[in-house]
Amino acid sequence: MIRWSYIIPRIVLIIIIYCFFYFAFDPLLRWGLIKSLESVFEAKVEIEKIRTSFINPAIEINKLRVGNKNKEFNNLFEFEKLSFRFLSKPIFQKKFVIDE
C-alpha cells in the first residue's frame, strides 16, 4: 500500500523547487549580478538577459554594459554575449574547465 502522506509532501517540494529555478532564479541572479558589479565599478551596469542551464552547466549573459564613472556617456566595457559552458565531470572533482 502506498503511503500518500509520505509521497505528496515530497512531490510538492520538488514542484516548488522546480518552479523557483524555472521562473525566479535567472531574474534574481541578474539582479544580484547588477548590484554587485555596480558596487565594484561604482557606475551603472546594464544586463539585458541571463540564461542558466543546470543539465548542461552553462551561463549566458546577453548585452552586458558597464558605465564609466569618470566619463558620463562612455562605457568601461560592453559585451554582446558572454557564454560560459562547464564540463560536467570535472565539477565533481572541484575543477572548472570552461569549454567556450
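On the surface, L13, I17, F20, F21, L28 and F54 cluster together into a nonpolar patch covering about 580 Å² of accessible area. Relative to the elements of secondary structure, I17 occurs in helix α1 (residues 4–41).

Within the open sheet, the 3 strands sit side by side as β1-β2-β3. Their pairing is antiparallel. Pairing within the sheet leaves two strands with one partner each, and these edge strands are β1 (45–53) and β3 (75–85). Going from strand to strand, the sheet's axes swing by 0° on average, the running direction of each strand aside. As paired elements, strand β2 (residues 58–67) and β3 share 9 bridges and run antiparallel to each other. Note on β3: the bridge partner recorded for L64 is F79.

One broad trend across soluble globular proteins is that nonpolar side chains are buried collectively. Counting residues in each nonpolar core, the largest one holds 9 residues, listed as I34, L37, V45, I47, I50, I61, L64, V66 and L82. Among the secondary structure elements, those contributing two or more residues to this core are α1, β1 and β2. Leave out the neighbours within four places in its chain, and L64 touches L37, V45, E46, I47, F77, E78, F79 and L82.

With that settled, the discussion passes to the side chain of D26. Here D26 lies in helix α1. Salt bridges are absent for the buried D26, whose nearest opposite-charge side chain, R51, sits at 6.4 Å. At 2.6 Å, the side chain of D26 and the side chain of T52 are in polar contact. Among residues more than four places away in sequence, those in contact with D26 are I50, R51 and T52.

Two strands pair when backbone bridges link them, and β1 and β2 are joined in this way by 8 bridges, in the antiparallel orientation. Residue R51 lies in a different strand from β2, and its bridge partner there is E60. Hairpin remark: β1 followed by β2, antiparallel, with 4 residues in the connecting loop.

The rules behind the values
Residues numbered from 1 in each chain as written. Predicted model: local features only at pLDDT ≥ 70, side-chain atom pairs only at ≥ 80, totals over all residues. Heavy atoms only, no water. Patch = residues over 30% accessible without salt bridge, like charges linked within 9 Å, V, L, I, M, F, W, Y side chains within 5 Å. Areas by Shrake-Rupley, 256 points an atom, 1.4 Å probe, with all protein chains shown as cover. Salt bridge = Lys/Arg side-chain N within 4 Å of Asp/Glu carboxyl O. Helix = DSSP H or I, 4+ residues; strand = E, 2+ residues; numbered from the N terminus. Pairing = 2+ DSSP bridges. Axes fitted to C-alpha atoms, helices over the stretch in contact; angles between N-to-C directions. Core = buried A, V, L, I, M, F, W, Y, C linked by side-chain atoms within 4.5 Å. Buried < 20%, exposed > 50% of the residue type's maximum accessible area, 1.4 Å probe, protein only. Contact = heavy atoms within 4.5 Å. Lys, Arg positive; Asp, Glu negative; His and termini not counted. Polar contact = N/O pair within 3.5 Å; in protein donor to acceptor, adjacent residues only side chain to side chain.

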